[in-house]
Amino acid sequence: AKQKALDVPDVPVVSAECATAMAEGAARLLGADCTIAVTGVGGPDRQEGQPVGTVYVAIHTPSGTHCTRENFDGDPQEILDATTLRPLELLGKALNAL
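**Observations regarding helix α3 (residues 76-97)**
Thought 1: Across its 22 residues, α3 extends 32 Å between first and last C-alpha, which sits within 8% of the 32 Å expected from 1.5 Å per residue.
Thought 2: For α3, every residue scored as buried is listed here: Ile79, Thr83, Pro87, Leu90 and Leu91. The arc that holds every buried residue of α3, seen down its axis, measures 105 degrees, which confines them to one face. Across α3 from its buried face, at more than 90 degrees, point the exposed residues Leu88, Lys93 and Asn96.
Thought 3: As for α3, its buried residues are in contact with β1 (35-40), β2 (54-61) and β3 (64-71).

And the structure:
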């Protein structure tokens, strides 16, 4: 679905390239000025060689797309909670910079 709907290239799912493509693809598909995309490893096991807690967050705004790699600690629910909060913080910073 990611490849077809959002034009994600054939790259590892847990990567900056994937998160960036998802954010930009969602902006194109939805005609949105700002989008957020996340991809990562919530646990309990490593995925694609990435440790549990590795999350890529891509923020797309009219000034471009920026992706960060985050490393969250905790159990899967704690990682999911952090994965929900951090993108909103990054989006707020990006919007303040516009």
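**What about the pattern of salt bridges?**
Thought 1: Counted by the stated rule, this structure contains 3 salt bridges.
Thought 2: Of the charged contacts in the structure, one is a salt bridge between Asp7 and Arg28, with a shortest N-O distance of 3.4 Å. On the criterion of sequence distance, the pair formed by Asp7 in the loop between α1 (2-6) and α2 (16-30) and Arg28 in helix α2 is long-range, its members being 21 residues apart.
Thought 3: Arg86 is the salt-bridge partner of Glu70, the closest N and O atoms lying 3.3 Å from each other. With Glu70 in strand β3 and Arg86 in helix α3, this residue pair connects regions lying 16 residues apart in the sequence.
Thought 4: Classification of Arg86 as partly exposed rests on a relative accessible area of 22%.
Thought 5: What you see here is one network of salt bridges that share partners, running through Glu70, Arg86 and Glu89.

**Some details on the pairing of β3**
Thought 1: Looking at chain direction, β2 and β3 are connected through 8 bridges and run antiparallel. Within the sheet, the bridge partner assigned to Thr61 lies in β3 and is Gly64.
Thought 2: Joining the antiparallel neighbours β2 and β3 is a turn of 2 residues.

**So, the sheet that holds β2**
Thought 1: One open sheet holds the 3 strands; their spatial order is β1-β2-β3, and the pairing between them is antiparallel. Both edges of this open sheet fall to β1 and β3, since each of them pairs with a single strand only. With direction set aside, neighbouring strand axes in the sheet form an average angle of 15 degrees.
Thought 2: Pairing of β1 with β2 involves 6 bridges; the strand directions are antiparallel. Its bridge partner being in β2, Ile36 is matched across the sheet by Ile59.
Thought 3: Its contacts with the sheet put α2 on β1, β2 and β3, and the angle it makes with β1 is roughly 150 degrees.
Thought 4: Contacting β1, β2 and β3, α3 crosses the sheet at an angle of about 30 degrees to β2.

Definitions and cut-offs
- Residues numbered from 1 in each chain as written.
- Predicted model: local features only at pLDDT ≥ 70, side-chain atom pairs only at ≥ 80, totals over all residues.
- Heavy atoms only, no water.
- Helix = DSSP H or I, 4+ residues; strand = E, 2+ residues; numbered from the N terminus.
- Expected span 1.5 Å × (residues − 1).
- Buried < 20%, exposed > 50% of the residue type's maximum accessible area, 1.4 Å probe, protein only.
- Arc of directions from axis to C-beta.
- Contact = heavy atoms within 4.5 Å.
- Salt bridge = Lys/Arg side-chain N within 4 Å of Asp/Glu carboxyl O.
- Pairing = 2+ DSSP bridges.
- Axes fitted to C-alpha atoms, helices over the stretch in contact; angles between N-to-C directions.

Nothing here speaks to function; it is all geometry.
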